[in-house]
Amino acid sequence: MRLTILICLFLKLIWSCEAAKACTSCPNSATLELKNCSLNATMAQMLVNCSGVEVLHTELVVLPTVHLSGQLKVLKVESCNTTAVIINPTGSYKMEKFTVEKNNLRTLPRNLNVLKKLRKLILASNLIECIDMGEFIGLSHLEEINLSDNRIIQICSSPFDPPVLPNLDRVYLQRNNLTLLNLENWKTPNVKLMYLNNNELSIVHKLASSLPKLESLYIYGNPLNCEWWETLRAEIENPCTFSPNKQETCDEKAQPLKNLINQIEASSKIPSTNNDQCHFNSSKSLTQIKAQVEQLQQQVASLGGTPSGHHPTKETIVQLHQSCLGQQGRLREIVHEMGSPSRTNLKPRTDCRCGLKAQARLFQRQLEQQMAMFGEKFRGMV
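Residues numbered from 1 in each chain as written. Predicted model: local features only at pLDDT ≥ 70, side-chain atom pairs only at ≥ 80, totals over all residues. Heavy atoms only, no water.

### Looking at the state of the cysteines
Formally: Whenever a pair of cysteine sulfur atoms sits within 2.5 Å, that pair is classed as a disulfide. In DSSP terms, a helix is any run of H or I states spanning at least four residues, a strand is any run of E spanning at least two, and both are numbered starting from the N terminus.
Taken as a whole, this structure holds one disulfide when the rule is applied. Across a sulfur-sulfur distance of 2.1 Å, C226 and C250 are joined as a disulfide pair. Where C226 bonds to C250 through sulfur, the torsion about that S-S bond is close to 90°, and the disulfide is right-handed. Of the two residues, C226 is situated in helix α4 (residues 226-235) and C250 in strand β17 (residues 250-251); the sequence distance between them amounts to 24 residues.

Here it is, written out as structure tokens:
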């Protein structure tokens with residue numbers, strides 16, 4: 001412990017005097033551990049960005065915002081008063097294990113799906129209220145999601161653009177505020193372990209069919225619907241271990257199972273009337289996305305040459321390409337805002353955001369595919 005403190009004090013002295021050297025004096029080690037150090041946020045972030053450091057563990061260091069660096073493979077930020085993680089959507093990352101726990105995150109970090117090599121995502125003990133499974137699209141290597149001890153009320157997954165997570169086998173959602181959970185659009189066929197204990201769950205819709213390889217289910221501490229609970233035990237064909245010591249209890253006076261199923265299915269549908277406040281507010285952003293997609297598609301198409309066979313100059317290609325990239329960034333901002341209750345003034349319980357946001361993501365992905373094709377065609381000129 002004394003050695004760690006001395007190292008921290010030494011690093012503080014170095015960075016106080018030589019911060020301008022931009023990490024040239026970083027520790028000559030692939031692993032860096034900072035615990036209970038009196039570094040300010042700027043110094044701590046500079047250490048996060050040190051070249052050569054692949055494993056970083058910070059604990060009890062003031063770090064309100066973490067700017068993720070590309071060389072890190074393992075990051076653990078614990079009890080650092082962190083409220084935001086910045087991930088560059090155009091960056092390249094080696095991150096395999098990403099842990100931000102016992103902090104103050106209120107939403108999933110934006111652009112998580114850029115971390116293509118991610119295997120473990122641990123965001124336990126934060127203040128997260130709403131989860132959109134669409135944020136995990138592209139994380140095909142993901143093995144573990146730990147969102148325990150948050151304030152999660154809603155987890156939604158839209159049929160328009162569901163994430164495919166073939167390697168996911170462990171899900172931790174215990175000690176949240178979930179009341180109903182729908183797994184119908186979860187593409188997670190290999191989940192073996194799921195913790196749902198100590199929520200407010202009545203049913204978990206489509207659990208057996210969505211998790212065919214489930215081996216252990218912890219669901220005690222919930223007011224389960226008795227009819228659903230008996231049905232679930234009959235539906236799970238493979239040997240499955242339930243909560244230890246048969247701690248599950250069910251509510252004999254709960255709503256009829258049919259009513260609960262109708263409720264959860266209705267909440268997953270996209271509203272069709274303009275009178276619905278959620279649809280009205282979110283559709284404004286969706287209209288903006290449609291307009292941007294059309295504009296960008298026209299710009300990209302214009303780079304393919306004129307009917308007479310004359311091709312644009314290199315300067316024109318570079319200018320239009322930069323314009324497209326700038327508008328793409330704004331498009332990502334709009335998609336993110338559609339899922340943020342604080343920005344749209346929508347309650348986290350409102351499921352309609354997920355369907356509209358999924359449509360927006362489809363537009364976004366179509367555009368990005370077209371931009372990629374453009375990049376191949378004019379490689380070396382932009």
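### Here we look at the side chain of H57
Which entries qualify depends on this criterion: Contacts between residues were defined by any pair of non-hydrogen atoms, one from each residue, lying within 4.5 Å.
Assignment of secondary structure puts H57 in strand β2 (residues 55-59). With sequence-adjacent residues up to four places away left out, H57 is seen in contact with L32, E33, L34, K35, K76 and E78.

### Quick notes on the pairing of strand β4 (residues 74-78)
This is how the line gets drawn: Pairing between strands requires that DSSP locate at least two bridges from one strand to the other.
By the bridge criterion, five bridges tie β2 to β4 in an arrangement that is parallel. When the bridges of β4 are listed, T58 appears paired with V77. Here β4 pairs with strand β6 (residues 97-101) via five bridges, running parallel. When the bridges of β6 are listed, V77 appears paired with V100.

### Comments concerning the packing of aromatic side chains
What counts here: When two rings of Phe, Tyr or Trp (its six-membered ring) have centres within 6.5 Å they constitute a pair, described as stacked for plane angles under 30 degrees, edge-to-face for angles over 60, and tilted for the intermediate range. Any residue under 20% of the maximum accessible area for its type is buried, any over 50% is exposed, and the rest in between are partly exposed; the area is computed with a 1.4 Å probe on protein chains only. We count a charge as sitting over a ring when the NZ of a lysine or the CZ of an arginine lies within 6 Å of the ring centre and within 35 degrees of the ring normal.
Across all of its chains, the model carries four aromatic pairs by this definition. Taken together, a centroid distance of 4.3 Å and an interplanar angle of 0° make the contact between Y195 and Y218 stacked. Taken together, the residues Y195 in strand β13 (residues 193-195) and Y218 in strand β15 (residues 216-218) connect sequence positions 23 residues apart. Overall, Y218 belongs to the buried group, its relative accessible area being 18%. Ring centres of W229 and F242 lie 5.3 Å apart, and the angle between their planes is 80°; this geometry places the pair in the edge-to-face category. Taken as a pair, W229 in helix α4 and F242 in the loop between α4 and β17 lie far apart in primary sequence, 13 residues in all. Each of the two residues, W229 as well as F242, counts as buried. Within the aromatic cluster, the residues linked to one another by ring pairs are Y172, Y195 and Y218. The ring of F242 has R233 lying over it, and the distance from NZ or CZ to the ring centre is 4.8 Å.

### Section: unusual backbone geometry
The backbone of L60 sits at a positive phi, close to 60°, despite the residue not being glycine. Residue S125 is not a glycine yet carries a positive backbone phi of 60°. One can find S125 in the loop between β7 (120-122) and β8 (130-132).

### Considering empty space enclosed by the protein
The condition that has to hold: Any residue with an atom within 4 Å of a point lines the site, the site being either a cavity, points on a 1 Å grid over the protein atoms alone where a 1.4 Å probe fits but cannot get out, or a pocket, an open set with protein on both sides within 12 Å along at least 5 of 7 lines. Grid points are joined across faces, edges and corners, and a volume is the space filled by probe spheres set on the points. Only Asp, Glu, Lys and Arg are considered charged, only Ala, Val, Leu, Ile, Met, Phe, Trp, Tyr, Cys and Pro nonpolar, and every remaining residue, Gly among them, polar.
With the rule as written, the count across this model stands at two cavities of 30 Å³ or more. What the second largest cavity holds in volume is close to 50 Å³. Along its surface, the second largest cavity is lined by I131, M133, F136, I145, L147, I155, V171, L173 and W186. Looking at the lining of the second largest cavity residue by residue, the class counts come to nine nonpolar, no polar and no charged.

### A closer look at the pairing of β2
Two faces, one strand: in a regular strand the side chains alternate between the faces of the sheet. The buried fraction of β2 amounts to four of the five residues, a majority that puts the element mostly inside the structure. Note that strand β1 (residues 31-35) and β2 share five bridges and pair parallel. Among the inter-strand pairings, E33 is bridged to a residue of β2, identified as H57.

### Describing the pattern of salt bridges
Definition in use: In what follows, salt bridge is the name for a side-chain nitrogen of Lys or Arg lying within 4 Å of a carboxyl oxygen of Asp or Glu.
Counting across every chain of the model gives ten salt bridges. Of the charged contacts, one joins R119 and E96 as a salt bridge, the two residues approaching to 3.7 Å between their closest N and O atoms. With R119 in the loop between β6 and β7 and E96 in the loop between β5 (84-86) and β6, this residue pair connects regions lying 23 residues apart in the sequence. You can call E96 partly exposed: its relative accessible area is 27%.

### Observations concerning the confidence of the model for the protein
Atom-level detail of predicted coordinates should not be read off regions where pLDDT is low. Spelled out, the test is: The quantity called pLDDT is the predictor's confidence in a given residue, expressed from 0 to 100.
Per-residue confidence for the protein averages 76 on the pLDDT scale, and 62% of its residues sit at or above 70. Contacts for the low-pLDDT stretch residues 1-25, under 50 throughout, to residues beyond four places or in other chains number 26 contacts.

### Comments concerning the sheet that holds β13
Worth spelling out the cut-off: Each axis is a line fitted through C-alpha atoms, taken for helices only over the stretch in contact, and angles between the N-to-C directions span 0 to 180 degrees.
The strand order across the open sheet built from nine strands is β1-β2-β4-β6-β7-β9-β11-β13-β15, with neighbouring strands paired in parallel fashion. In this open sheet, the two strands that pair with only one neighbour each are β1 and β15. Each adjacent strand pair in this sheet contributes to an overall mean axis angle of 5°, direction not counted. Looking at chain direction, β13 and β15 are connected through three bridges and run parallel. Pairing of M194 across the sheet is with L217, part of β15.

### Some words on α4
Threshold: Taken from the helix axis, the directions to the C-beta atoms give the arc we talk about. Under the rule applied, a polar contact is a pair of N or O atoms within 3.5 Å (in protein, one hydrogen donor and one hydrogen acceptor; residues adjacent in sequence only if both atoms are side-chain atoms).
Along α4, the residues that are buried comprise C226, W228, W229 and L232. Seen along its axis, α4 keeps its buried residues to an arc of 160°; they face one direction. When the buried face of α4 is taken as reference, the exposed residues oriented beyond 90 degrees from it are E230 and A234. Near the N-terminus of α4, the side chain that reaches the backbone nitrogen of E227, with its oxygen 3.0 Å away, is that of N225.

### What to know about the nonpolar core
Here is the rule we go by: Here, nonpolar core means buried Ala, Val, Leu, Ile, Met, Phe, Trp, Tyr and Cys residues that are tied together by side-chain atoms lying within 4.5 Å of each other.
By size, the foremost hydrophobic cluster in this structure holds 68 residues, and its most contacted members are F98, F136, L196, L207 and L217. Of all elements in the fold, only β1, β4, β6, β12 (180-182), β14 (203-205), α3 (207-210), α4 and α5 (257-267) reach the threshold of two or more residues within this core. When sequence neighbours within four positions are dropped, the list of residues in contact with L196 reads L173, Q174, L181, L201, V204, L207, L217, Y218, I219 and N222.

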